[in-house]
Amino acid sequence: TSNQMWGGRFAAGPDAIMEAINASIGFDKRLAAQDIVGSRAHAAMLAATGIVSDSDAEAMREGLLTVLSEIERGEFAFSTALEDIHMNVEARLKELIGEPAGRLHTGRSRNDQVATDFKLWVRDQLDATEGALRSLMRALLAQAEAGADWVMPGFTHLQTAQPVTWGHHMMAYVEMFGRDLSRVRDARARMNECPLGAAALAGTSFPIDREMTARELGFDRPSANSLDAVSDRDFALEFLSAASICAMHLSRFAEELVIWSSAQFRFVTLSDRFSTGSSIMPQKKNPDAAELIRAKIGRIFGANVALMTVMKGLPLTYSKDMQEDKEQVFDAADNLMLALAAMDGMVRDMSANREALAAAAGSGFSTATDLADWLVRVLGLPFREAHHVTGTLVALAEKQGCDLPDLTLEQMQEVHNGIDRTIFDVLGVENSVASRTSYGGTAPVQVRAQIARWKEMLG
Ligand code: ARG
């Protein structure tokens, strides 16, 4: 038998394979609440404009609530033959209220309906992402506050570069997640235009009130061009690209936690709650949550590329290709939320090992730059020459198997006879860190200023 929603011109029903490739109900049932909210707003508008009677609209709105509660209670029988959530809901409404259900689709199409439903879903997801980011940032702030002046090595090329503070390192991630937060908010502001009423593509001859439905659904305004309204998936792509950048940040941090929790580094101890053991090696405590964050990020990047690729060749307006938008976004959103929550938990629970951080901070000639700066400041050497002298001292220390502060004054003076005892003041990591007071620098005063600024911004 032909389809009850569009089968008028069809003599035969679809092949089973056609039904399988065409159906989206398996995944777009996640849009049920949005579909029903959208339909209720549409029904109210149809009555307010006199397109349907008040009693019909009331029956639709009541019936839709019944459908929603059936779905929420798990009592709804989803049908693949009815393709998608839109037709499943409408068909059930017909069973419940009869003839008035057939008037609900007046002045709209599944094309503006699905764009509206999906926008509502993505908008909620942007809000949820914002909440998760704020929580993670608070966890990082707490870590930064606890260790605002704890010294640790700063790295470039993963080689010891200069001493920094633990608080400074934590606050670097607060900056990154803060930009992610602002991207999410930008995306939300830009996407908040309502496609409902664009109908199939050209608008409608019914005297609909698009301002009313837009307002009802929390949009700032109706979208301005009906062709664009049903073709646009920028909002999903912006979510996926903001999600990808955020995921990239999570992955970098996860990578650091994997390295830092190793026996060779011992910078952090992850809690038992966010670690796993080995079934053969009894000593093991593995950073699986960090590893899985690092790995799951690939799915989010993949979703972004997949949907970009779906969209890039489509002529205006709607093509069925666009039905492929949802699974990508759902999967990316689920994994982003999981990764954010796991990182949040790990950061809240982990403890930084102050002694191990301090021991590492002083090794690897981390104050060589301070030494070179001293030669410039005190002896007036050009920086290039100071760099060369310092390099010679580093090579000497390396040969002796010691660190820079372990060289004797005599050994240093053999390399440059202007050096005096005050040079040892700048070779300590605490002094090194405290001296970097430039705006945004690693000195604890600067780090505390960064913390205070973010605390105020996060409220
Ligand atoms: N299930 C479809 C989707 O997700 C709904 C829109 C279908 N519109 C159409 N003209 N076939 O994109």
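The shown structure was predicted, so the numbers you read here are calculated from the model rather than taken from an experiment.

**Some words on the pattern of salt bridges**
Overall, the coordinates contain 25 salt bridges when judged by the stated rule. We note a salt bridge from Arg185 to Glu130, for which the minimum N-O separation is 3.0 Å. Of the two residues, Arg185 sits in helix H7 (residues 166-191) while Glu130 sits in helix H6 (residues 110-146), which places them 55 residues apart along the sequence. By relative accessible area, which is 42% here, Arg185 ends up partly exposed. Arg348 is the salt-bridge partner of Asp344, the closest N and O atoms lying 2.4 Å from each other. With Asp344 and Arg348 both in helix H12 (residues 325-349), this residue pair falls 4 residues apart, about one helical turn.

**What to know about the environment of Arg183**
Among the structural elements, Arg183 can be located in helix H7. In this structure the C-alpha to C-alpha distance between Arg183 and Ser241, which are 58 residues apart in sequence, comes to 9.3 Å. Not counting chain neighbours up to four residues away, the residues in contact with Arg183 comprise Ala242, Ile245 and His249.

**Describing helix H5 (residues 85-97)**
Given a rise of 1.5 Å per residue, 13 residues ought to cover 18 Å, and the 18 Å separating the end C-alpha atoms of H5 matches this to within 8%. All of the buried residues in H5 are Ile85, His86, Met87, Asn88, Val89, Glu90, Ala91 and Leu93. Turning to H5, the residues buried within the fold contact helix H2 (25-28), helix H3 (32-48), helix H4 (54-72) and H6. Where H5 begins, one side-chain oxygen reaches toward the backbone nitrogen of His86, 3.3 Å away; that side chain belongs to Asp84. Positive backbone phi, approximately 75°, marks Gly98, located one or two places after H5.

**Observations regarding unusual backbone geometry**
For the bond from Leu316 to Thr317, the omega torsion is 0°, close enough to zero to count as cis. Of note, Thr317 is situated in the loop between helix H11 (288-312) and H12. Phi is positive for Glu83, close to 65°, though the residue is something other than glycine. Structurally, Glu83 is set in the loop between H4 and H5. Residue Glu83 is classed as buried on the basis of its relative accessible area of 5%. We note that Phe365 has phi near 55°; this positive angle belongs to a residue other than glycine.

**Considering the site of the ligand**
Lining the immediate environment of the ligand, one finds Ser24, Asp28, Asp84, His86, Arg110, Asn111, Val114, Tyr318, Lys320, Gln323 and Lys326. Note that an oxygen atom of the ligand is positioned 2.4 Å from one of the side-chain N or O atoms of Tyr318. Within the contact set of the ligand, a nitrogen atom lies 2.7 Å away from a side-chain nitrogen or oxygen of Gln323. For the ligand, whose accessible area on its own is 340 Å², the fraction buried by protein is 86%.

**Let's talk about the confidence of the model for the chain**
Parts of the prediction with low pLDDT should not have their coordinates interpreted in detail. With 100% of its residues at a pLDDT of 70 or more, the chain shows a mean pLDDT of 96. The ipTM, which scores confidence in the relative placement of chains, is 0.96 for this predicted complex, and the corresponding pTM is 0.94.

The rules behind the values
Residues numbered from 1 in each chain as written. Predicted model: local features only at pLDDT ≥ 70, side-chain atom pairs only at ≥ 80, totals over all residues. Heavy atoms only, no water. Salt bridge = Lys/Arg side-chain N within 4 Å of Asp/Glu carboxyl O. Helix = DSSP H or I, 4+ residues; strand = E, 2+ residues; numbered from the N terminus. Buried < 20%, exposed > 50% of the residue type's maximum accessible area, 1.4 Å probe, protein only. Contact = heavy atoms within 4.5 Å. Expected span 1.5 Å × (residues − 1). Polar contact = N/O pair within 3.5 Å; in protein donor to acceptor, adjacent residues only side chain to side chain. Near = heavy atom within 4 Å. Areas by Shrake-Rupley, 256 points an atom, 1.4 Å probe, with all protein chains shown as cover. pLDDT = per-residue confidence, 0-100.

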